[in-house]
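Secondary and tertiary structure notes
Residues per chain, in single letters:
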Amino acid sequence: MKPLFLSTAYCFRAFSLSTVFYLSVIFGGGCHSEKNGFVYKSETELEQMEARAKIGARHFAEGDLDDSSAVFKQLAAERTVSQPLYMYEQVSLLILDDDYDAAHDLMLKLKHDTDFVTDKKSEDRAKSLWHGEQNKVFKGDPYERATLHLMLALSFLRRNDPENALSCIKAGLLFDGDTEKGEYTADYALLQYVGAICHRRLGNLEEAEKWQEQAVKSLELRGYTFVRTEKGVPDVSGNCFENLLNPDFNCLVMVWAGTPPSMITTGEYNENRVIVPGAMDLTALTVSSSRLPLPLLFPPKMGDLNFQAMTRGKRLMNDILQQKAFWKLFINVTSTALVIGGVAMTRANGLLAVQLAGLGCIVVGGIGYIVGACVNPKADSRHWKNLPGEFYLLPLKLPPGKHVLHLDGYILADQVFRQSFEVEINPNVKVNVFNLRLDNSLIKKPDYLEELNSQLRQRYSASTQENLGQMNLQGPHVHYSEKTFSDAMIKQKLEK
């Protein structure tokens, strides 16, 4: 009969070898890769591509569309899992460059790819313990896919094809209400309003009224109140929404304003994806022209991308990432306990079996550290960067020819911005669509806003101030709502 310490050591060596073999099989299976139609990139390469994309987005924010286009054209050249994202970015650049035909073709291809093209290999990699979520093919969040369908619908309207435009709007609303858990319904007011335009162009006047009513209800959910007639119909006469109901127009002015929402990752292992709202400084925007009798006010919040992004994003993938983070933490904690316990066991003088068992614990703990380091629960922070914070849309009727549109922005009662654009009405196009992007650098904020901002910050608790400070590190995303500023300003005047 063998001594006890020999049988114990023998069993522990067998356990250690079997553990190594088992982990090798698992790890090897998780790292296996094979080629197909996609050009697979390592996670380091994908992160490097995203770093270049941020440079392109910075060019876009600074108004340098040519340099931004060069960056994203290069990034979208290969069929990687991020190619659809960089096609999204190119769509924005082409539209703002008035290259509507190229933008239309690219949007059709992007719609097809995001609807039908998938890659099971990359999906499995993203869900496995060993790879981050960025390994899956980019499709876009609900607000991104809904916005793509909005742009495509406007492109079809420009081509006098309201039927296909309406199909795009209906698809966009499906994405707007789809959060994989069914917790939200579609409330993208701008999509619903463009849907009403499509029905009106098709001669479906009753349907147009229903869609218009739905857009009003979506705005009411945001806190807007409308006076209703005895029949329950919203009475919008005399306010900025009245212009939306005018069926006699030949152009749609689409204004891109503010900064878009962005995404960051938080948590010990970056397993949480957080959507950070962008900034929208203006509280009102008007358009004027020599052909318009009076300046017209753009209806606000119809296409508020920050709101759409912040009220979406509930994903089943979040649960998978949380599980991966749990296993990473569990493996690391267990490995630490094995190493610490193993070190203590090796110091047991005169007990060889215990010392050998301690060495085995250290070995297994070390293997655990290696496995834990390979577990990747990182969330996907890729997002459509070349977007505004809000779309303003207004129908106008202008005679054929060239016109100069003056856009005036206001913060509370102060005019802080004016930018002029030259547009040309093509008489052969039933609905001319103009995409105008505001230059945020032209906004001159009143001095009292900074003072109000400082006073409001002082009223927050220390913990809230700390959170605001952390968010400020991410960029100019933290801002107070128009109502907060208005209430504070009124209170300050009353105090004086």
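Going by the structure above, here's the rest.
Residues numbered from 1 in each chain as written. Predicted model: local features only at pLDDT ≥ 70, side-chain atom pairs only at ≥ 80, totals over all residues. Heavy atoms only, no water.

1. Examining a negative patch on the surface
On the surface, Asp66, Asp67, Asp97, Asp98 and Asp99 cluster together into a patch of negative charge. Tracing the backbone through its elements, the reader meets Asp98 in the loop between helix 4 (83-96) and helix 5 (100-116). Relative accessible area serves as the criterion here: at 51%, Asp98 is assigned to the exposed category. (Patch = residues over 30% accessible without salt bridge, like charges linked within 9 Å, V, L, I, M, F, W, Y side chains within 5 Å. Areas by Shrake-Rupley, 256 points an atom, 1.4 Å probe, with all protein chains shown as cover. Salt bridge = Lys/Arg side-chain N within 4 Å of Asp/Glu carboxyl O. Lys, Arg positive; Asp, Glu negative; His and termini not counted. Charge placed at Lys NZ, Arg CZ, Asp CG, Glu CD. Helix = DSSP H or I, 4+ residues; strand = E, 2+ residues; numbered from the N terminus. Buried < 20%, exposed > 50% of the residue type's maximum accessible area, 1.4 Å probe, protein only.)

2. Some details on unusual backbone geometry
We note that Asp98 has phi near 60 degrees; this positive angle belongs to a residue other than glycine. Phi is positive for Lys301, which is not a glycine, with a value near 65 degrees. Structurally, Lys301 can be placed in the loop between strand 7 (296-297) and strand 8 (303-304).

3. Here's the deal with empty space enclosed by the protein
As enumerated under the stated definition, the model contains 3 cavities of 30 Å³ or more in all. Lining of the largest cavity is provided by Ile95, Tyr100, Ala103, Met107, Met151, Leu154, Ser155, Arg158, Val433 and Asn435. With 4 residues, the single largest contributor to the lining of the largest cavity is helix 7 (residues 142-158). Among the residues forming the lining of the largest cavity, the class breakdown is 7 nonpolar, 2 polar and 1 charged. The calculated volume of the second largest cavity comes to roughly 50 Å³. Val39, Tyr40, Lys41, Leu46, Thr80, Val81, Arg125 and Asn135 together form the lining of the second largest cavity. Across the lining of the second largest cavity, the residue classes break down as 4 nonpolar, 2 polar and 2 charged. (1 Å grid on protein atoms, 1.4 Å probe; cavity = no way out; pocket = protein on both sides within 12 Å on 5 of 7 lines; lining within 4 Å. Points joined across faces, edges and corners; volume = space filled by probe spheres on them. Nonpolar A, V, L, I, M, F, W, Y, C, P; charged D, E, K, R; others polar.)

4. What to know about helix 7
Its 17 residues give helix 7 an end-to-end C-alpha distance of 24 Å, which sits within 8% of 24 Å, the value for a rise of 1.5 Å per residue. For helix 7, a buried count of 16 out of 17 residues is recorded, marking the element as mostly surrounded by other parts of the structure. Phi for Asn160, located one or two positions after helix 7, is positive at around 60 degrees. (Expected span 1.5 Å × (residues − 1).)

5. Quick notes on the sheet that holds strand 10 (residues 401-411)
The 4 strands are arranged 7-6-10-11 in an open sheet whose pairing can be described as antiparallel. Of all strands in the sheet, those bounded by a partner on one side alone are strand 7 and strand 11 (414-425). (Pairing = 2+ DSSP bridges.)

6. A look at the pattern of salt bridges
Under the counting rule described, the total for this entry stands at 16 salt bridges. Across the salt bridge formed by Asp113 and Lys109, the nearest N and O atoms sit 2.8 Å from each other. You can see Asp113 and its partner Lys109 sitting in helix 5, 4 residues apart, about one turn around the helix. Taking the relative accessible area as the measure of exposure, Asp113 reaches 13% and is therefore buried. Two residues, Glu390 and Lys301, come together in a salt bridge whose shortest N-O distance is 3.8 Å. With Glu390 in strand 9 (residues 390-396) and Lys301 in the loop between strand 7 and strand 8, this pair connects stretches of sequence that are 89 residues apart. Summarising the burial analysis for this pair, Glu390 and Lys301 share the class buried. Through salt bridges with shared partners, one network takes in Lys111, Asp115 and Arg145.

7. A short note on the nonpolar core
By size, the foremost hydrophobic cluster in this structure holds 74 residues, and its most contacted members are Leu150, Met151 and Phe391. In terms of residue count, the dominant contributor to this core is helix 7 (10 residues). Residues in contact with Leu150, not counting those within four places in the same chain, are Ile169, Tyr188, Leu190, Leu191, Val194, Met254 and Phe391. Core analysis: the second largest hydrophobic core is formed by 28 residues, Val253, Leu292, Leu405 and Val423 among them. (Core = buried A, V, L, I, M, F, W, Y, C linked by side-chain atoms within 4.5 Å. Contact = heavy atoms within 4.5 Å.)

Note that all results are geometric; they support no functional claim without further evidence.
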